[in-house]
Amino acid sequence: MPVIDTLRLTAEEATALVERGDVSAAELHTAYREAIAERDGELHCYLTVVDEPNGAGIPIALKDVIGTKGVPTTAGSKILDGYVPVYDSTVAARCKDAGLSLLGKTNLDEFAMGSSTENSGFGPTRNPWDPARVPGGSSGGSAAAVSAGLAPWALGSDTGGSIKQPAALCGNVGLRPTYGTVSRYGIVAFASSLDQVGPITRTVRDNALLYRIVSGRDACDTTTVDVPRVELPDADDLKGIRVGVPRELNEAEGIEPGVTAAVRHAIDLCTQLGAAVDTCELPRSVDYGLACYYLIAPAEASSNLARYDGVRYALRRDGDGDYYEMVARTRDAGFGDEPKRRIMLGTYALSAGYYEAFYGQAQKVRTVIGREFAAAFERFDVLVSPTSPTVAFELGEKTENPLAMYLADVLAIPPNLAGLPGLSIPCGLSDGLPVGLQLIGPQFSENTLFQVGHALERAIAFETVPERLR
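Residues numbered from 1 in each chain as written. Predicted model: local features only at pLDDT ≥ 70, side-chain atom pairs only at ≥ 80, totals over all residues. Heavy atoms only, no water.

Asker: Account for the overall build of the protein chain, with residues named and values stated.
Answerer: Along its length, the protein chain carries 15 helices and 11 strands. At 21 Å, the protein chain has a C-alpha radius of gyration in line with the 23 Å of a compact globule built from 470 residues. For the C-alpha atoms alone, the extent of the protein chain along its principal axes is close to 70 × 60 × 45 Å. Across the protein chain, every contact between residues at least 6 apart in sequence was considered, and the portion connecting residues at least 24 apart equals 75%. When the accessible surface of the protein chain is split by element, carbon and sulfur atoms take 50% of a total near 17,300 Å². The centroid of the 42 positive side-chain charges in the protein chain is displaced by 3 Å from the centroid of its 60 negative side-chain charges. (Helix = DSSP H or I, 4+ residues; strand = E, 2+ residues; numbered from the N terminus. Rg over C-alpha atoms; globule rule 2.2 N^0.38 Å. Contact = heavy atoms within 4.5 Å. Areas by Shrake-Rupley, 256 points an atom, 1.4 Å probe, with all protein chains shown as cover. Lys, Arg positive; Asp, Glu negative; His and termini not counted. Charge placed at Lys NZ, Arg CZ, Asp CG, Glu CD.)

Asker: Residue-level account of the packing of aromatic side chains, with values.
Answerer: A full pass over the atoms with the stated rule returns 16 aromatic pairs. For the pair Tyr 323 and Tyr 324, a centre-to-centre distance of 5.2 Å together with 75 degrees between the ring planes defines the contact as edge-to-face. With relative accessibility at 42%, the residue Tyr 323 sits in the partly exposed group. Its relative accessible area of 64% is what places Tyr 324 among the exposed residues. With a centroid separation of 5.4 Å and an interplanar angle of 50 degrees, the aromatic rings of Tyr 355 and Tyr 359 are classed as tilted. When its relative accessible area of 41% is taken as the criterion, Tyr 355 is described as partly exposed. (Phe/Tyr/Trp six-rings, centres within 6.5 Å; stacked < 30°, edge-to-face > 60°. Buried < 20%, exposed > 50% of the residue type's maximum accessible area, 1.4 Å probe, protein only.)

Asker: Run through the environment of Arg 379, naming residues and quoting values.
Answerer: Within the element layout of this structure, Arg 379 appears in the loop between helix H12 (356-376) and strand E9 (382-386). Expressed as a C-alpha distance, the spacing of Arg 379 and Val 243, which sit 136 residues apart in the sequence, is 8.8 Å. Not counting chain neighbours up to four residues away, the residues in contact with Arg 379 comprise Arg 242, Asp 278, Thr 279 and Cys 280. Within the local environment of Arg 379, its side chain forms a polar contact with the side chain of Asp 278, the two groups lying 3.3 Å apart. (Polar contact = N/O pair within 3.5 Å; in protein donor to acceptor, adjacent residues only side chain to side chain.)

Asker: So what's going on with the pattern of salt bridges? Residues and values would help.
Answerer: This model, assessed by the stated rule, comprises 25 salt bridges. Here Asp 320 makes a salt bridge to Arg 329, at a shortest N to O gap of 3.1 Å. Judged by relative accessible area, Asp 320 falls into the exposed class, the value being 61%. Close ionic contact of Glu 356 with Lys 364 constitutes a salt bridge, the shortest N to O distance being 3.2 Å. (Salt bridge = Lys/Arg side-chain N within 4 Å of Asp/Glu carboxyl O.)

Asker: Before we move on, could you go through the nonpolar core and cite the residues and values that matter?
Answerer: Counting residues in each nonpolar core, the largest one holds 132 residues, and the members touching the most others are Phe 111, Leu 155 and Leu 456. It is helix H9 (residues 283-304) that provides the largest number of residues to this core, a total of 10 residues. If we skip the residues at most four places from it in the chain, Leu 456 touches Leu 238, Ala 266, Leu 269, Cys 270, Leu 273, Ile 425, Leu 437 and Leu 439. If you look at the next biggest cluster of nonpolar residues, it comprises 6 residues, including Leu 169, Ala 392, Phe 393 and Met 405. (Core = buried A, V, L, I, M, F, W, Y, C linked by side-chain atoms within 4.5 Å.)

Asker: A description of H9 should follow, citing residues and the corresponding values.
Answerer: In a regular helix each residue adds 1.5 Å, so 22 residues correspond to 32 Å; H9 covers 31 Å between its end C-alpha atoms and thus fits that length. Its axis deflected by about 50 degrees at Gly 289, H9 carries its strongest bend there. Among the 22 residues of H9, 16 are classified as buried, and the element is accordingly described as predominantly covered. (Expected span 1.5 Å × (residues − 1). Bend = angle between axes of the 7 residues up to and from the residue.)

Asker: Kindly report on the environment of Val 243, identifying the contributing residues and their values.
Answerer: Considering the arrangement of structural elements, one finds Val 243 in strand E7 (residues 242-246). For Val 243 and Tyr 313, which are 70 residues apart along the polypeptide, the C-alpha to C-alpha distance reads 48 Å.

Asker: Let's hear about the packing of H9 against helix H11 (residues 337-350): which residues, and what values?
Answerer: For the pair H9 and H11, the least separation of the axes is 7 Å and the interaxial angle reads 100 degrees. What the angle tells us is that H9 and H11 run roughly perpendicular. Where H9 approaches H11, its residues Tyr 293, Tyr 294, Leu 295, Pro 298, Ala 299 and Ser 302 are matched on the opposing element by Arg 342, Ile 343, Leu 345, Gly 346, Thr 347, Ala 349 and Leu 350. Split by residue class, the contact of H9 with H11 holds 9 nonpolar, 3 polar and 1 charged. (Axes fitted to C-alpha atoms, helices over the stretch in contact; angles between N-to-C directions. Parallel < 35°, antiparallel > 145°, perpendicular 65-115°, else oblique. Nonpolar A, V, L, I, M, F, W, Y, C, P; charged D, E, K, R; others polar.)

Asker: Quick one: what's the story with the side chain of Ser 89, residue by residue and with numbers?
Answerer: With respect to the helices and strands, the residue Ser 89 is situated in the loop between strand E2 (59-63) and helix H3 (90-97). When its relative accessible area of 0% is taken as the criterion, Ser 89 is described as buried. Not counting chain neighbours up to four residues away, the residues in contact with Ser 89 comprise Ile 66, Gly 67, Tyr 185, Gly 186 and Ile 187.

Asker: Account for the state of the cysteines, with residues named and values stated.
Answerer: Here is the idea: a disulfide is a covalent bond, and it sits between the sulfur atoms of two cysteines. For the structure shown, the criterion picks out 0 disulfides. Sulfur of Cys 45: no disulfide; nearest cysteine sulfur belongs to Cys 170 and is 8.0 Å away. Residue classification places Cys 45 among the buried positions, given a relative accessible area of 0%. (Disulfide = S-S within 2.5 Å.)

Asker: So what's going on with helix H15 (residues 446-460)? Which residues, and what values?
Answerer: The end-to-end C-alpha distance of H15 is 20 Å, a good match for the 21 Å that 15 residues give at a rise of 1.5 Å each. Among all positions in H15, only Glu 446, Leu 449, Phe 450, Val 452, Gly 453, His 454, Ala 455, Leu 456 and Ile 460 are buried. Check the buried side of H15 and you find it contacts strand E5 (173-176), helix H6 (204-214), helix H8 (257-272), E9, strand E10 (422-430) and strand E11 (433-440). In the stretch just after H15, Ala 461 is the one whose phi turns positive, near 55 degrees.

And the structure:
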């Protein structure tokens with residue numbers, strides 16, 4: 001078998017190798033399986049690994065909230081340990097139809113609730129750039145797998161920043177698509193009005209290729225829509241592009257100096273590449289976005305997670321003949337601290353006498369945030385900011401302070417509340433760790449984000465392979 005450098009091989013390059021007959025899909029799968037055997041013991045990116053290739057194309061890793069027929073799907077939770085779906089989610093089916101071969105299911109914060117992949121019921125994932133640090137979350141397993149050469153590309157899911165933030169911390173390209181452009185059918189639900197599946201890749205062109213495969217209307221999900229034809233970016237400049245720099249997203253409290261410097265360099269490159277760059281304001285989006293999100297998302301989680309009662313799914317604890325005792329024991333044993341915290345918060349926000357004061361009010365604020373972004377896009381094609389206020393932090397650093405952990409998504413949440421697409425690309429290093437640049441566009445502007453991201457990617461020339469693995 002020819003030597004395959006999984007650390008540097010892009011999905012586009014892998015596809016060309018297979019099409020030319022230089023390597024077979026089975027040989028590619030074997031190369032990545034060998035890389036997983038070599039490096040995943042340290043990183044713990046995967047919860048399940050598939051031994052034999054099940055497609056004629058290149059391999060892919062799927063976050064373990066994506067339902068896969070015949071392959072365990074746990075959502076990182078003990079309450080679903082041993083659950084094996086009897087059908088494929090739409091995105092998994094579309095990957096199969098495209099010939100992609102499933103490598104395995106990646107680790108995540110339990111039920112996608114977290115920003116570090118430390119909340120997994122099966123242990124944390126570690127960052128390939130520094131195993132003492134987190135890979136971000138909740139799609140940390142997918143982002144770390146791509147960064148460490150354990151998959152050429154992967155799918156994650158994003159509710160409050162769970163694709164963009166781990167992509168930033170691991171030095172990847174991550175797309176949170178426009179809400180409704182990718183089917184949620186067969187996806188383990190967290191917050192239904194926010195959840196969205198999207199690609200995590202090594203390059204922007206790979207991202208566009210994978211988004212092309214999984215996006216589009218689905219008869220099984222009535223929230224989906226037809227999408228514009230996905231175009232592969234090839235431009236080297238940004239002439240004619242109007243770039244907005246929201247003060248509040250770029251000057252928020254807690255943004256590290258090294259992050260600011262790397263993002264500022266990327267903004268300067270926008271000007272050099274021919275873009276018209278100017279500042280703008282999003283005061284309500286940043287001031288109220290985090291609080292708004294942490295009312296809406298837990299409320300919807302409280303409703304969605306009510307189905308885990310010990311009757312229909314994997315885990316069940318005996319209740320000595322009493323149904324309610326069985327449900328209580330099952331949930332106590334199956335759910336970790338973070339799902340319990342969010343379920344209680346969401347149940348309170350939805351309770352009689354508090355619904356309008358909390359959940360109802362948050363939905364009104366969400367509308368205001370959407371209007372604020374819409375006004376900005378009357379002047380600009382793309383808005384830019386850091387993806388995460390910090391680089392990857394140390395394992396355990398924020399586990400005892402949930403509020404500090406929630407702030408990791410403070411820059412990613414506002415556009416998500418408005419249903420907007422966001423692309424994170426690596427734009428440099430701070431203290432030897434990757435910094436992510438967030439590109440935000442109006443609804444259905446993925447092609448513009450790919451164009452801008454690709455031009456910046458070429459200009460920045462970021463080395464995506466972690467230094468310790470080169």
